[in-house]
Every structure is written in structure tokens, then in C-alpha cells.
Amino acid sequence: MSESIRYITAADYDEAVLKGGTVVLDFYSTECPPCEALAAKYEPLSEIYGKNIKFMKIFRQENRELAVKLGVLSSPTLLFYKNGERVGEQLSGGIKRSEIVKNLEILLPENRKAELRSSVVLKDSSCDVLVLGAGPAGLATAIYTAQAKLKTIVIDKELPGGQVKVTHLVSNYPGFSEPIEGYMLMHHMSEQAKAAGAEFRVAVDVTDIDLLRKKVVIDGVETIHAKKIIVATGSSPKHLGVKGEREYKGQGISYCATCDGKFYEGKDIIVVGGGNSAIEESLFLTKFANSVTIVHQFQKLQANKTAQQKAFANPKIKFIYEHEPREFVKEGTSVRKVIAEDLKTKQLKTLECDGVFIFAGMKPNLEEIGSLFDLDQWGYIKTDALSHTNIKDVFAVGDVATKHCRQITTAVSDGTVAAVTISKELDE
Ligand SMILES: Cc1cc2nc3c(=O)[nH]c(=O)nc-3n(C[C@H](O)[C@H](O)[C@H](O)COP(=O)(O)OP(=O)(O)OC[C@H]3O[C@@H](n4cnc5c(N)ncnc54)[C@H](O)[C@@H]3O)c2cc1C
């Protein structure tokens, strides 16, 4: 624990924080993985900035009244103060080092910023296995390699869990007779990887990836050298490329029902898509919405028959076939109109709504990884049966790799095969 950090309670708040000059205050909780991820950044930063800024921590569970008064509703949350006034942003969740530094610098005199930045000591680490991506594929790999006593480091731009952490319920992962919340399933997987000895660097900026030299730089301060690299970066929702989509993302355009469904209580929603995700997520959205209208480009849905039957039987769900959105129009705080083209008549129609969810398929997360891989026609990484890629000692597992079926089970299967292969190769 860093000596530059002071632990306070609500009773100390006025004296220590409001009269404390320049202060950063961390509301933390116990048994809180995002708080652990923050602590790994907060402590080293307190060593660098601690002479100019007071670093404090307060245990949220025992100081709830103060937390609520300050608008702190989750752990961890960071607040920044200058002479008793709140300044900068209120940061919470998967907080990145770069976000903390940006807000700390608001508290510093101009001449100290560059000086402190240049005082950062760069770190070099090494490991046997570096896993890029902490979704099911990356975590399964890490569980196996760490249990095989290989030094394993898992890196993720976000908190661990991948797409599953924002999936409401998972009913098809073996071992659970009742559906399990996606975030809980992933919590168990990441705790299992940690218990096996895997180290985590999460909610980080991946500043450089050099697959040929097997090194990855995170947050611009740590260079990690590895014998083997596993790319487990998964996939992300595809954008339609329609006018208004990018501009109104988060303001009426959403790609995640679990994250945003709750904001549409009693509202009328349009869902774009007709595959499994579109139908499953539409069913979930009916828990909140007054109505869900599915706009699909084809004559029939593409989802599996069971999901289709459930959707047809749900009185809140309506269907508009053979239409494609051409524009999203925002009015007030949300998107209220979808201009859709009838693909048969080519006529444009205006559909009224309170918000839009888009489920138009997925694309591999390869932007930062570079173009050295052999890819299939859809842009996914080609591998052999053991998950080797065309780059020596670099493996690809889970949704980012070519496959017929993208599920949690297939992701963890890839991770298992790659990990066992790596163990054998490193033994040899
Ligand atoms: C809405 C929805 C519902 C689903 N429901 C189910 C279900 O019920 N059952 C089921 O079996 N499957 C379901 N799936 C599919 C399942 O979520 C995926 O198959 C699975 O998550 C793939 O795991 P993964 O580890 O390959 O990738 P992901 O889960 O996508 O994880 C990839 C991780 O890599 C990280 N990352 C990305 N780029 C970088 C980078 N450059 N550097 C570092 N980290 C990076 C991401 O932040 C992420 O954490 C669902 C998918 C969706 C979209």
C-alpha cells in the first residue's frame, strides 16, 4: 500500500478534502474487481503526483450518506477537488490511467505538468503467455496456462468479461440449470483465472502492439514481452452507416439491450435486424418497452425457430419486413423518427419511436492489431485446428477467429486448445 495515500471517513471530509487544497478522492468498496483494477493505477500515480496532490480513499459502504450526498452511486468513483470546489470529471467504472492523469493535470500548475510526466519511470515486464482480450476465450486460455504454471498476463481495454458481461442472461452455458447473468458468469471466469495466478492489466490503453517482436505497450508506461501472444479480442456490433447513426449513438441509438433497455420503460422502440441477437434482444426489451417494432430487410427472420416462435407469440412485438433504415432523426433528447425505405416499392416511410436498437451483425476487433494476419473473406483471422495463426507464436481464439458458430462454448473451447498447445510447445 502506498504511503502517499490517506484513508479518511465522512467525519474527516470537510477538513481533509474541502480545506485540503488539491485533492483526489477515491470511493472504493471491498470485493469490487473494478476497484482492484483502479488501485493498480491509483497507487503508482500517488507516488508520482503525491507531492502536489493529496491522494485519499474512503470506504463507500461505511460512508454511504456522504457518497449519496456527493452523487457517488457506484464503486470505484474518483472525485477531484481544488480549494474546496469539485473540478474535472467524476470518473467511475473501468477507469483508465489516461483519464486519471487528464484530471490530475487540471489540479497542477502549468510548469509541473511536463516535469511530472517526464518523471514517470517506464517499466519492462515479461511473461510466457500474453492474452489480449479478457472475454471467455482469453479467460479460458489464461485459466489453463496459469494452472500449467506459465506466467500469464491478461490485457483488456475494458474491464474483464467481453460481450458476455453485458448479456442479460445466459441459458446455454453448460453447468447452470437456471440461466445465469452474463456479468456473474464472467466474474467467476476472471476470478478463476486470477486464482490460478494470471495477472491482469485491465481498463488500459493498449498503446502499441508488435506481434513480430512479441511485445505490447500499455498506458505508454509498461512494455510487456511475451513468448506467446493470444489474440482474443472478439467482435463488435456492425454499424449500418446510415445518416444520424454515428451522431446519435447514446442519444437514442443503442447496440446493447442489457445496457440501455432500462431507459425505455413504457416507450416505443424500433429494433433493426432479424437474426438471433435482434430477436433475443427484442424479447428482452419487451420487459421495459410498450412496443418493439422489428424492421428487417428480408421477407423472413433469420433467427432460430424457437426465438422466432417466442417473438411471434409476444403481443408487444410487431414486424416490418423488407424495409431498411435510411436516416435517424433526433427530436429533443432522443431519436424519434426512422426514415425507412420499402425495398419493394422504393418508397420512403417515416416510423415514429422513442429510440432505436441496432443488431446488424458483428465484425472482428482487429483495428489496433495490424494487418499482418491472413484473414478470411469476412475479415476474421484464419487459424489451424490448434489456433495457430500465420504469425509465429501468435494464436487467435474465440470470436475474432474464423469459425462456423460464435458462442461462449466455442470461445472457451478455442482458448483451451490454444493453451494446451502452448504448454506443450513451451515444454519442448
Ligand atoms: C447480444 C449478445 C448476446 C449473446 N448471447 C449469448 C448467449 O446467450 N450464449 C452464448 O454462448 N453466446 C452468446 N453471445 C455470443 C458470445 O458473447 C460470444 O461468442 C463470446 O463473448 C466471444 O468471446 P470472446 O472472448 O471471443 O470475445 P468477447 O467476448 O468479444 O471479448 C473480447 C474482449 O477483448 C477486448 N478487446 C478488444 N480489442 C482489444 C484490444 N485491442 N486490446 C485489448 N483488449 C481488446 C474487449 O474489450 C473484450 O473484453 C452473445 C453475443 C451478443 C452480442
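Residues numbered from 1 in each chain as written. Predicted model: local features only at pLDDT ≥ 70, side-chain atom pairs only at ≥ 80, totals over all residues. Heavy atoms only, no water.

Student: Any chance you could explain the overall build of the protein chain here in plain terms?
Tutor: Looking only at helices and strands, one finds 11 helices and 24 strands in the protein chain. Taken over C-alpha atoms, the radius of gyration comes to 24 Å for the protein chain, in line with the 22 Å a tight globule of 428 residues would show. A principal-axis box enclosing the C-alpha atoms of the protein chain has dimensions of 70 × 60 × 45 Å. Residues classed as buried in the protein chain amount to 50% of the 428 residues present. Long-range pairs, those at least 24 residues apart, make up 60% of the contacts in the protein chain between residues at least 6 apart in sequence. Carbon and sulfur atoms provide 51% of the accessible area of the protein chain, an area that totals close to 21000 Å². (Helix = DSSP H or I, 4+ residues; strand = E, 2+ residues; numbered from the N terminus. Rg over C-alpha atoms; globule rule 2.2 N^0.38 Å. Buried < 20%, exposed > 50% of the residue type's maximum accessible area, 1.4 Å probe, protein only. Contact = heavy atoms within 4.5 Å. Areas by Shrake-Rupley, 256 points an atom, 1.4 Å probe, with all protein chains shown as cover.)

Student: Just checking my understanding: could you explain the nonpolar core for this structure?
Tutor: A general tendency of soluble globular proteins is for nonpolar side chains to be buried together. Among the nonpolar cores identified, the biggest contains 34 residues, and Leu-185, Met-189 and Ile-408 are the most heavily contacted of them. For this core, the elements supplying multiple residues, two or more each, are strand S6 (123-132), helix H6 (136-147), helix H7 (182-196), strand S10 (199-202) and helix H11 (408-427). With sequence-adjacent residues up to four places away left out, Ile-408 is seen in contact with Pro-136, Val-164, Val-170, Tyr-173, Leu-185 and Met-189. Counting residues in hydrophobic clusters, the runner-up holds 23 residues, among them Leu-132, Val-216, Phe-373 and Val-400. (Core = buried A, V, L, I, M, F, W, Y, C linked by side-chain atoms within 4.5 Å.)

Student: Please clarify how the pattern of salt bridges should be interpreted in this entry.
Tutor: When charged atoms on two side chains of opposite charge get close, those side chains can pair. The tally for this structure, following the rule as stated, stands at 27 salt bridges. A salt bridge links Asp-26 to Lys-57, with the shortest nitrogen-to-oxygen separation between them at 3.6 Å. With Asp-26 in strand S2 (residues 22-28) and Lys-57 in strand S3 (residues 54-59), the pair connects residues that are 31 residues apart, well separated along the chain. Both residues of the pair, Asp-26 and Lys-57, count as buried. Residue Glu-331 pairs with Lys-337 through a salt bridge whose shortest N-O separation is 2.7 Å. (Salt bridge = Lys/Arg side-chain N within 4 Å of Asp/Glu carboxyl O.)

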